[in-house]
Each structure stands twice: as structure tokens, then as C-alpha cells.
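Tertiary structure, described
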Amino acid sequence: MAWVLAKRMVALALTLVAASLLVFAVLEVLPGDPALLVLGVNARPDTLAALRESMGLTEPVAWRYLTWVGGLLRGEFATSLTYGVPVDTLLAPRLLVSGPLAVLSLGLAVALGIPLGVVAAARRGRPTDAAVMGVSQLGVAVPNFWLGILLVLLFAVTLRWLPAGGFPGWEAGPGPALAALLLPALALALPQAAILARVTRSAVLEVLGEDYMRTARAKGLSKTEALWAHGLRNALIPVVTILGLQFSFLLAGTIIIENVFNLPGVGRLIFQAVSQRDLVVVRDLVVLLAATVGVVNFLVDLSYAALDPRLRLRGGSATDG
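Here is what the cut-offs are and how they apply
Residues numbered from 1 in each chain as written. Predicted model: local features only at pLDDT ≥ 70, side-chain atom pairs only at ≥ 80, totals over all residues. Heavy atoms only, no water. Helix = DSSP H or I, 4+ residues; strand = E, 2+ residues; numbered from the N terminus. Buried < 20%, exposed > 50% of the residue type's maximum accessible area, 1.4 Å probe, protein only. Contact = heavy atoms within 4.5 Å. Areas by Shrake-Rupley, 256 points an atom, 1.4 Å probe, with all protein chains shown as cover. Lys, Arg positive; Asp, Glu negative; His and termini not counted. Charge placed at Lys NZ, Arg CZ, Asp CG, Glu CD. Axes fitted to C-alpha atoms, helices over the stretch in contact; angles between N-to-C directions. Parallel < 35°, antiparallel > 145°, perpendicular 65-115°, else oblique. Left-handed = near helix turned anticlockwise from the far one by under 90°. Nonpolar A, V, L, I, M, F, W, Y, C, P; charged D, E, K, R; others polar.

As for the overall build of the chain
Across its full length, the chain carries 13 helices and 0 strands. Dimensions of the chain along its principal axes, counting C-alpha atoms only, are 85 × 65 × 35 Å. For the chain, with 321 residues in total, the buried portion stands at 39%. Counting only contacts in the chain whose residues sit at least 6 apart along the sequence, the fraction spanning at least 24 positions is 73%. A total accessible area of about 17,000 Å² is found for the chain, and carbon and sulfur atoms account for 68% of it. Computed over 24 positive and 19 negative side-chain charges, the separation of the two mean positions in the chain equals 12 Å.

Some remarks on the packing of helix 5 (residues 87–122) against helix 6 (residues 127–141)
Look at helix 5 against helix 6: their axes get within 8 Å of each other, and the N-to-C directions meet at 140°. The angle between helix 5 and helix 6 places the two elements in the oblique class. With respect to the hand of their crossing, helix 5 and helix 6 are arranged in left-handed fashion. Along its contact with helix 5, which presents Leu116, Val119 and Ala120, the element helix 6 presents Thr128, Asp129, Val132 and Met133. Residues of the contact of helix 5 with helix 6, tallied by class, amount to 5 nonpolar, 1 polar and 1 charged.

From the geometry alone we can't say anything about function, so treat these as descriptive.
This is the structure we're talking about:
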């Protein structure tokens, strides 16, 4: 297990280095003047020179990269060109919106997708299976921003059960805050739940054909009891893989959904930074998002060992040897 952990940590570190190099190269090294991109082609030469100096563009490329990465590792973020404050000052209050939104979306996707996939597999070929697969196909096809608009029309405009957009802040109480996040969370979760349902169904059907499942049935367990007691844990391994990938899609989806629902989150901050040509904010936030995705995938890899004891034994034997 220790050997597996060490390999995953090395892979995570290399992924983060590659991501930071790519972001730095795209924004500051490739042909083009970042200062000119920020100020526009009609900027005065002295203004361009001052901005290049403040952005550190007069320093060697390698030194700029090492200074930037070293600052991130120490928790020292660059100063936004638009707002004049460090990026972490802009980021902190927005994490209180995007963090709960991502967790709520993922929780809803799991709560809907996995049970529906198990039910569809257990009733393969029946009307329930066809209904779940039909709805899941529709969920995969519908874009989350269009789904968000439909949810607003139904629950906010027609029924008036939930707010159409905006965020009152956590100081208004958990009830109003969660109510403001529920529709965007559903818009993000439903397409992911559809994917989860299809993957879970396929994984469970594969498990149902294994020898140990037939043995469990021969010992007197019903099909449902054997599935929940012995089959579901093995079927969760490909599902967990999809969950790791879905988290990255959720982070990308928040950029659109937070603008649809006018939420002051990280996704909206990235959108505003791109619109305002604030390369400092874009650079830091993109790397932070890449790091978040890398850490989540690292945790997913570790979860394999918890779900499959063979990986723990393999890791232990490799370390001992």
C-alpha cells in the first residue's frame, strides 16, 4: 500500500508541475505581449512599460515561473490587475459559494444516479429498466445551462418555490442560502446523475454474472440480497472512477451555471477575469482548479485500495520486496 501511495503522490506532483508550466506558457511565454493583451493595442508606450514592470515581465522567464510557483506554494498570491488586491482575497468569499455548490451537486448526482443504476440492473429488460435508461439518455443529451433555465421557469417562475438567482449569503441563514443553491445544484447534478446511472447499471450487470454471485444465490440469498451484500462493492470501482472525472466536469460547469444563476462564486470570478483581461487572476485560478482536480483524482486512486483488497495486498508485497 505504501508503494501505491508513493507512486500516486509522484504522479500528482508531476501533473501539477505540467499544469503550471502549461498555464504559464499559454499566458506569459507564447508569442504575444501579456501587457498589450491587458491594455489593448491603443495603449501608450509608457503605460505598457509600467504594466510590464509591475507584472514582472522584464525578468527572465525561468525566474518569473519559479517566483510565481514559489509564491503559490507559500500561499502568497499575486495582485489582481483589476481589483488591486491579492487573488486569495477575491477567492476566499467565493469559495463559500462554489464549494457548497460542488458538494451539493455531487451529492445529488450520487444520491440519484447510483440507486437508479442499481434498480435498472436488477430489473434488466423490464419497463423500469427502459424508463431509467430513457430518462438517463435524455439527461446526457440536455446541456446543464439549458436545464437550469427550464428549472428556473418551473420552480421559480411558475411554482415560485425557489429563488431564480442570486445568493443572499450565509449570514442570512442556511435555509435561504441552500434554497438559492438548490436549482443550480440540480442543473449541475442531473446530467451527471444520468451518466452515473448508466455506468452503475453496466457495472452491476457485469458483477451479477460473476461466480461468487451465483455462489451467494446458491447459499439461499435472494438476488437483491446478494447484490447489496456482495456485488455492489465490486461494482463501485468503475463508478468511483467516473465520480473523479465528474468532479472536474462539475468545476467546469460552475463557470456557466454561476453566470446563469448570478452566483458570486469561483466560476463567475473566472468569467469576469477573462472578460476584464485580468491575466493574473486567470492564471492563479486555473492552476488552483487543476490542483483541485488532481487532488480529487489522487483520492479516487486511493479509494480503489479500500474497495479492492487485492490492491492493498499488491502494494504491501511490493513494498516488502
